[in-house]
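Structural description and commentary
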Amino acid sequence: GAINNFPWFDSNFEIIEPQHIDNSAFGKTILKLDELAFGMAGMTTPPWVFYDCGVMPGIVVGYAARTAWLPDTFRTKLNILPGQEWAPISLFIAIPTVSPNTWMSHNLASTNSFMEKEEQFKHLGFFTKAFGLWYANIERSYGITQWHSPALKLHPNYGDFELCTTYTPLHDYPNSVTYCLTVNSADWFRIVDRDKIPSRFLERFEAARTLDPKDHEALKTVQRTLEQKKHRFYLWGREILQKKIGDPLTLYTKK
């Protein structure tokens, strides 16, 4: 928490050693949470990827609740074992890269994605990623999401959200977005109090063009532009929050 100024977190963390046998139930519940969040999209994380690519080189953080406090619906869906004290209800995996102060956001999920509305925790996904960025002092973070994913409403609200790819053929889903996030914790307050805190985004950025994320040829055209390094395009988180997923979006450039 030395880099990103955000006073909502403190040092009362529960650190769980993933290589201890007695903690395996907690880790398997994380995998179940991941399965429930991404299984319908065919993007469930295999256990070996979770361990080899997430647990070992990176950080796995999130919120947890005492299982005795959770409603039966949570315990049933998450396959909570008898005697299991804690259950993860969100997760964020970040992996350091070879570039200084730069991480890869590998996974973000919460029970909000599959629980009924009355059993959801407000802003759970947002605070989970914010905690990981704060905890690891992450200044710059790469990530991947899809144009049709609700996650696109979330990720651009942590700082300047630059597009690295708009069309990504090496991914299972070519309509994936690769982004580079320059973290700015001053923006984090706006996700909660966006009606009270004015955005200064338009003081630094200006509209360049409109992109229809359902138009694959348009995605390819912008991708070619990025490859030729003619322009650097950004998305505005507040604008995306006001639109439906799949609606045309404005691409911005720095003034």
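Residues numbered from 1 in each chain as written. Predicted model: local features only at pLDDT ≥ 70, side-chain atom pairs only at ≥ 80, totals over all residues. Heavy atoms only, no water.

1. Observations concerning the overall build of the protein chain
Of the regular secondary structure elements, the protein chain holds 8 helices and 11 strands. Since a compact globule built from 255 residues should have a radius of gyration of about 18 Å, the 19 Å found for the protein chain is in line with a globular shape. Seen through its principal axes, the protein chain has C-alpha atoms that stretch 55 × 40 × 40 Å. Evaluated residue by residue, the protein chain yields a buried proportion of 47% over its 255 residues. Long-range pairs, those at least 24 residues apart, make up 70% of the contacts in the protein chain with a sequence separation of at least 6. About 13900 Å² of surface is accessible on the protein chain, with carbon and sulfur atoms providing 54% of the total. Each charge sign in the protein chain was given a centre, from 27 positive and 27 negative side chains, and these centres are 7 Å apart. (Helix = DSSP H or I, 4+ residues; strand = E, 2+ residues; numbered from the N terminus. Rg over C-alpha atoms; globule rule 2.2 N^0.38 Å. Buried < 20%, exposed > 50% of the residue type's maximum accessible area, 1.4 Å probe, protein only. Contact = heavy atoms within 4.5 Å. Areas by Shrake-Rupley, 256 points an atom, 1.4 Å probe, with all protein chains shown as cover. Lys, Arg positive; Asp, Glu negative; His and termini not counted. Charge placed at Lys NZ, Arg CZ, Asp CG, Glu CD.)

2. Overview of the packing of aromatic side chains
Under the defined criterion, the tally for this structure stands at 24 aromatic pairs. Judged by centre distance (5.2 Å) and plane angle (35°), the rings of Phe6 and Trp8 are tilted. Taking 5.0 Å as the distance between ring centres and 5° as the angle between the ring planes, the aromatic pair formed by Phe201 and Trp236 counts as stacked. In this pair, Phe201 is assigned in helix H6 (residues 201–204) and Trp236 in the loop between strand S10 (234–235) and helix H8 (237–241), connecting sequence segments 35 residues apart. One exposure class covers both Phe201 and Trp236, and it is buried. Taken together through their ring pairs, the aromatic side chains of Phe6, Trp8, Phe9, Phe13, Phe126, Phe127, Phe131, Trp134, Tyr135, Tyr158, Trp188 and Phe189 make up a single cluster. (Phe/Tyr/Trp six-rings, centres within 6.5 Å; stacked < 30°, edge-to-face > 60°.)

3. Some remarks on the pairing of strand S11 (residues 249–254)
Taking burial as the measure, the 6 residues of S11 include 5 buried ones, the bulk of the element. Of the strand pairs in this sheet, strand S9 (residues 205–211) and S11 are connected by 6 bridges, and their pairing is antiparallel. When the sheet's bridge partners are listed, Ala207 is paired in S11 with Tyr252. (Pairing = 2+ DSSP bridges.)

4. Describing the side chain of Thr128
Looking at the element boundaries, Thr128 is found in helix H4 (residues 124–135). Residues in contact with Thr128, not counting those within four places in the same chain, are Val61, Gly62, Tyr63, Ser90, Leu91, Phe92 and Leu108.

5. Some details on unusual backbone geometry
Residues apart from glycine generally show negative phi values, whereas peptide bonds are mostly found in trans. Even without being a glycine, Asn79 presents a positive backbone phi close to 55°. Structurally, Asn79 is set in the loop between helix H3 (72–77) and strand S3 (86–88). Look at Asn79 and you get partly exposed, because its relative accessible area is 46%. Unlike most non-glycine residues, Asn101 shows phi in positive territory, near 60°. Mapped onto the secondary structure, Asn101 falls in the loop between strand S4 (90–96) and strand S5 (102–110).

6. Section: helix H7 (residues 216–227)
Between the first and last C-alpha of H7 there are 16 Å, a value that for 12 residues agrees with the 16 Å anticipated at 1.5 Å per step. The complete set of buried residues in H7 reads Ala218, Leu219, Val222, Gln223, Thr225 and Leu226. Buried residues in H7, looked at end-on, bunch into an arc of 160°, giving them a common side. Across H7 from its buried face, at more than 90 degrees, point the exposed residues Glu217 and Arg224. Buried residues in H7 make contact with strand S7 (159–165), S9 and S11. Two to three positions downstream of the cap, the backbone nitrogen of Glu217 sits 3.1 Å from a side-chain oxygen, assigning the N-cap of H7 to Asp215. Lys229 lies just past H7 and shows a positive phi near 55°. (Expected span 1.5 Å × (residues − 1). Arc of directions from axis to C-beta. Polar contact = N/O pair within 3.5 Å; in protein donor to acceptor, adjacent residues only side chain to side chain.)

7. Side note on the confidence of the model for the protein chain
Here the protein chain shows a mean pLDDT of 92. Residues at 70 or above account for 98%. Averaged pLDDT values for the elements of the protein chain fall to 78 in helix H5 (residues 188–192) and rise to 98 in S10. (pLDDT = per-residue confidence, 0-100.)

8. A few points about the nonpolar core
Residues Leu133, Trp147, Tyr158, Leu163, Trp188 and Leu235 are the most contacted members of the largest nonpolar core, which totals 39 residues. Ranked by residue count, the leading element in this core is H4, at 6 residues. Core analysis: the second largest hydrophobic core is formed by 20 residues, Leu31, Phe50, Leu78 and Ala109 among them. (Core = buried A, V, L, I, M, F, W, Y, C linked by side-chain atoms within 4.5 Å.)

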